[in-house]
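# A closer look at the structure
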Amino acid sequence: MKNTKQNLVVGSGFVAKNFKKVLKKKTFKDLVIYASGISNSRIKDRFLLKKEIHKIKSFLKHNKKMIIYISTYSVLDPSRNKSLYCKNKIKIEKFIKKNAKNYQIIRFPELVGKSKNPNTLTNYFYKKIKNKKNFILFKNAIRNFLDVDHAIKLSLIFIQDIKYKNKIINLINPKNETAKKVVFNLEKIIKKKARYVINKKNFKYRKILSSVKKKDLKKIKIKFDNNYLLKILKKYYN
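## A closer look at the overall build of the chain
- When helices and strands are tallied, the chain shows eight helices and eleven strands.
- At 18 Å, the chain has a C-alpha radius of gyration in line with the 18 Å of a compact globule built from 238 residues.
- Overall, the chain is about 50 × 40 × 30 Å in size when its C-alpha atoms are taken along their principal axes.
- Within the chain, the fraction of its 238 residues that count as buried is 49%.
- When contacts within the chain are restricted to residue pairs at least 6 apart in sequence, long-range pairs at least 24 apart make up 78% of them.

Printed below as a string of structure tokens:
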């Protein structure tokens, strides 16, 4: 594999495109960012799931660089980590830790940005509200949100720091949000009332510590304040 900008990022989806956009003027000689995979966390197709594992195994077999694997913090979420999607991610993470000489696993939360993926939570809510469609709102569902631009910038801090070699990074917002708050904020932005039925189902949650430190946030001037969610929703949905 040649050391070129073109193969610095593997993947063609939302995350990969955002990495490529930021890294188009940068070159890392000894690493590759693997941001390729299934974008639908509700996937049931076992053939595609096996294909995802086969692809990463094949890639590692021929790759001699340090691999930066983009995973999901959902693997730590008891309310979601029993899904086929998360089980696949867990298998891949374990395989990388066992077989890659040099690696870093970065787990992202729900990323907010310009994406055509209808399966993201914010895109789903936005389209339902905008088109005046009915949907079910899980009142007690909790999620973690991060602007995709901030996710990429924070990733580069960890990628370039040698002490995080062969480590797993939980690159998340220290503050979780309810699905109800997402809908409330989108209602304000779109200026339309959402049409939903409340589901009061309770979910099990685990406190996940963020790897992001205050000094990291200062470097790129990010503030995880009480208005963070509203600000990033306005940025992409206003």
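From this point, the narrative continues.
## A word on unusual backbone geometry
- Positioned with a positive phi, Lys191 is a non-glycine residue whose angle comes to about 65 degrees.
- Take Lys191: it is sitting in the loop between helix 6 (179–190) and strand 11 (195–199).
- Lys191 sits in the exposed class, given a relative accessible area of 71%.
- Located in the positive-phi region is Lys221, a residue other than glycine, with phi close to 55 degrees.
- Following the sequence through the fold, Lys221 ends up in the loop between helix 7 (214–219) and helix 8 (228–237).

## Some details on helix 3 (residues 84–99)
- An ideal rise of 1.5 Å per residue puts 22 Å on 16 residues; helix 3 measures up with 22 Å between its terminal C-alpha atoms.
- Those residues of helix 3 that sit buried are Tyr85, Cys86, Asn88, Lys89, Ile92, Glu93 and Ile96. Across the axial projection of helix 3, the buried residues extend over an arc of 155 degrees, all falling on one side. Across from the buried face of helix 3, at angles greater than 90 degrees, the exposed residues are Lys91, Lys94 and Lys98.
- On its buried side, helix 3 packs onto helix 2 (46–62), strand 3 (66–72), strand 4 (103–108) and strand 9 (167–170).

Rules of the game
Residues numbered from 1 in each chain as written. Predicted model: local features only at pLDDT ≥ 70, side-chain atom pairs only at ≥ 80, totals over all residues. Heavy atoms only, no water. Helix = DSSP H or I, 4+ residues; strand = E, 2+ residues; numbered from the N terminus. Rg over C-alpha atoms; globule rule 2.2 N^0.38 Å. Buried < 20%, exposed > 50% of the residue type's maximum accessible area, 1.4 Å probe, protein only. Contact = heavy atoms within 4.5 Å. Expected span 1.5 Å × (residues − 1). Arc of directions from axis to C-beta.

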